[in-house]
Amino acid sequence: GLEQRQILIDTSILDIEVNSMNFIEHTIAWCQGEILEGKIIVIYALTLMILSIFILPMTHLSNSKFLIIPLLLSALIFLMVGGSLIFKNPQRIKVYQQSFLENPIEFIKSEKKRTDEFMRWYPKTAWALIIISALALFTWIFVESVSIHYLCFVILLFCFSGLVIDYFSKARAQVYLDHIH
C-alpha cells in the first residue's frame, strides 16, 4: 500500500530527473515558436495596415471610410499581440533557463500546472470567437446598412484570424504538454 505508493512517487521523480535534461530544450522551442508566431502576426497586422492605406484614397466613396477605422483597430490589436510575443519570449527563455537550473523538478511541475491551466482557455476562446462571428454574420444579413456591413466584415475577419492563430497556438501547446506528461 503506502510503501508501494512511495516507490511509485520516487520512480516518477527519477523519471523526471532523467528526462528533465532535454525538457528545457522543449521549453525553449516552445518560446521560439511563440516568437515565430509573433512575427507572422506582425506581418499580418502590417498587411492589414497597408490594405487600409490602399483603401484611404477611396474614402470619398460613400461608406468606405467605415472600413478603415475598424481595419486599423484590428491591425493594431494584432500588432500588439504579435509584438508582445516577439519581445516577451526572449526574456521568458532567460527566466525559464534560470528556474530550470535552480530546480529542474519544480520547474517541470510548475510548467505542467501552467500549461494545464491555459489549455483550458482554448475552447473558451474558440467559442467566444464563434459566437461573436455568428452575431456579426446575423447582423450583416439582417441590417441594411453598408457601414454596418463593413464593420461586420472586419469583425468576421478578426474572429477568423483569431481562430487560426488559436488553432496553431493550441497545437504547439499540446506538443509541449505531451513532453511534460
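Residues numbered from 1 in each chain as written. Predicted model: local features only at pLDDT ≥ 70, side-chain atom pairs only at ≥ 80, totals over all residues. Heavy atoms only, no water.

1. Things to note about the overall build of the protein chain
Thought 1: On a plain count of helices and strands, the protein chain comes out with six helices and zero strands.
Thought 2: Taken from N to C terminus, the helices and strands of the protein chain fall in the order α-α-α-α-α-α.
Thought 3: Looking at the 181 residues of the protein chain, the share that counts as buried comes to 32%.
Thought 4: For the protein chain, the share of sequence-separated contacts (at least 6 apart) that also reach a separation of at least 24 residues comes to 79%.
Thought 5: Surface summary for the protein chain: the accessible area is close to 11700 Å², and the carbon and sulfur share equals 72%. (Helix = DSSP H or I, 4+ residues; strand = E, 2+ residues; numbered from the N terminus. Buried < 20%, exposed > 50% of the residue type's maximum accessible area, 1.4 Å probe, protein only. Contact = heavy atoms within 4.5 Å. Areas by Shrake-Rupley, 256 points an atom, 1.4 Å probe, with all protein chains shown as cover.)

2. Let's talk about the pattern of salt bridges
Thought 1: Throughout the structure, instances matching the rule amount to six salt bridges.
Thought 2: Residues E106 and K109 are paired through a salt bridge, measuring 3.8 Å at the closest nitrogen-oxygen approach. In this pair, E106 and K109 are both assigned in helix 4 (residues 104-119), three residues apart and thus about one turn of the helix distant.
Thought 3: For K113, the salt bridge goes to E117, with nearest N and O atoms at 3.9 Å. With K113 and E117 both in helix 4, this residue pair falls four residues apart, about one helical turn. (Salt bridge = Lys/Arg side-chain N within 4 Å of Asp/Glu carboxyl O.)

3. What about a nonpolar patch on the surface?
Thought 1: Residues L137, F138, W140, I141, F142 and F153 make up a contiguous nonpolar surface patch of about 620 Å² in total accessible area.
Thought 2: In terms of residue count, the dominant contributor to the nonpolar patch is helix 5 (residues 121-142) (five residues).
Thought 3: With respect to the helices and strands, W140 occurs in helix 5.
Thought 4: Under the relative-accessibility criterion, W140 is labelled partly exposed at 30%. (Patch = residues over 30% accessible without salt bridge, like charges linked within 9 Å, V, L, I, M, F, W, Y side chains within 5 Å.)

4. With respect to the packing of helix 5 against helix 6 (residues 146-180)
Thought 1: Where helix 5 contacts helix 6, the axes come no closer than 9 Å and their chain directions differ by 160 degrees. Comparing the axis directions of helix 5 and helix 6 gives the class roughly antiparallel. Judged by the sense of rotation from one axis to the other, the crossing of helix 5 with helix 6 is left-handed. (Axes fitted to C-alpha atoms, helices over the stretch in contact; angles between N-to-C directions. Parallel < 35°, antiparallel > 145°, perpendicular 65-115°, else oblique. Left-handed = near helix turned anticlockwise from the far one by under 90°.)

5. Some details on the environment of L67
Thought 1: Counting through the fold element by element, L67 comes out in helix 3 (residues 65-102).
Thought 2: Residues L67 and H149, spaced 82 residues apart in sequence, show a C-alpha to C-alpha distance of 9.0 Å.
Thought 3: Not counting chain neighbours up to four residues away, the residues in contact with L67 comprise I55, Y150, F153 and V154.

6. Describing the side chain of S74
Thought 1: Position of S74 among the secondary structure elements: in helix 3.
Thought 2: If we skip the residues at most four places from it in the chain, S74 touches L48, V154 and F158.

7. Focus: the confidence of the model for the protein chain
Thought 1: Mean pLDDT over the protein chain stands at 87; residues scoring 70 or higher make up 86%.
Thought 2: Within the protein chain, helix 1 (residues 2-20) has the poorest average pLDDT of any element, 49, and helix 5 the best, 96.
Thought 3: Contacts of residues 5-11 to residues separated by more than four positions or lying in other chains number zero contacts, the stretch itself having pLDDT below 50. (pLDDT = per-residue confidence, 0-100.)

8. Points about the packing of helix 2 (residues 23-55) against helix 3
Thought 1: In contact at an axis separation of 8 Å, helix 2 and helix 3 are set at 160 degrees when each is read in the N-to-C sense. One element, helix 2, and the other, helix 3, form an angle in the roughly antiparallel class. The chirality of how helix 2 crosses helix 3 is left-handed.
Thought 2: Taken together, the residues of the contact of helix 2 with helix 3 break down into 29 nonpolar, nine polar and four charged. (Nonpolar A, V, L, I, M, F, W, Y, C, P; charged D, E, K, R; others polar.)

9. Observations regarding the packing of aromatic side chains
Thought 1: Tallied over the full model, the rule gives 11 aromatic pairs.
Thought 2: Aromatic ring contacts, followed pair by pair, group F23, W30, Y96, F100, F107, F118, Y122 and Y176 into a single cluster. (Phe/Tyr/Trp six-rings, centres within 6.5 Å; stacked < 30°, edge-to-face > 60°.)

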